[in-house]
Amino acid sequence: MEGLPKRWSRTDEWYNYEGTPRGKARVLATVDEATYTGGTVGEDHPIAWCRQAGRGVMWYTAMGHTDESFREPLFLKHILGGIRLTAGVRTADLTPNARKKAEP
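How each quantity is defined
Residues numbered from 1 in each chain as written. Predicted model: local features only at pLDDT ≥ 70, side-chain atom pairs only at ≥ 80, totals over all residues. Heavy atoms only, no water. Helix = DSSP H or I, 4+ residues; strand = E, 2+ residues; numbered from the N terminus. Rg over C-alpha atoms; globule rule 2.2 N^0.38 Å. Buried < 20%, exposed > 50% of the residue type's maximum accessible area, 1.4 Å probe, protein only. Contact = heavy atoms within 4.5 Å. Areas by Shrake-Rupley, 256 points an atom, 1.4 Å probe, with all protein chains shown as cover. Lys, Arg positive; Asp, Glu negative; His and termini not counted. Charge placed at Lys NZ, Arg CZ, Asp CG, Glu CD. Polar contact = N/O pair within 3.5 Å; in protein donor to acceptor, adjacent residues only side chain to side chain.

Caption draft 1: Geometry of the overall build of the chain. If you tally the helices and strands in the chain, you get one helix and three strands. What you see for the chain is a C-alpha radius of gyration of 14 Å, in line with the 13 Å of a compact globule of 104 residues. The C-alpha extent of the chain, read off along each of the three principal axes, is 40 × 35 × 20 Å. A total of 104 residues make up the chain; the buried ones form 31% of that total. Relative to all contacts within the chain whose residues are 6 or more apart in sequence, the contacts with residues 24 or more apart total 58%. Put simply, the chain shows about 7,200 Å² of open surface, and 51% of that area lies on carbon and sulfur atoms. One finds the centroid of the 15 positive side-chain charges in the chain at a distance of 10 Å from the centroid of its 13 negative side-chain charges.

Caption draft 2: Examining the side chain of Arg10 more closely. For Arg10, the location among the structural elements is in the segment before strand E1 (26-30). For Arg10, a relative accessible area of 12% gives the class buried. Among the polar contacts listed, one links the side chain of Arg10 to the side chain of Ser69, at a separation of 2.9 Å. Contacts of Arg10, omitting those with residues within four sequence positions, involve Met63, Gly64, Ser69, Glu72 and Phe75.

Printed below as a string of structure tokens:
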């Protein structure tokens, strides 16, 4: 996520997940469900993450469902960062994020 804005506004198809990779993976980006309709994951909606996988690294993004994404310089930078990480060209903190506590 190096070089990408802290708040990144994009149009895409947002998947609703059951569960979270937190606690097992390093969440890199989340979706703000207040910015669109149809979100069912809640306040903590991970959309990109990575983790140690044996001696390698697994990197995942749920962005890139539109043709326009692949003409978007910031999205291409996001993809290139994942490629560099999994290829071992770049390193990153792969420490899993703690699970967020549920609201009382």
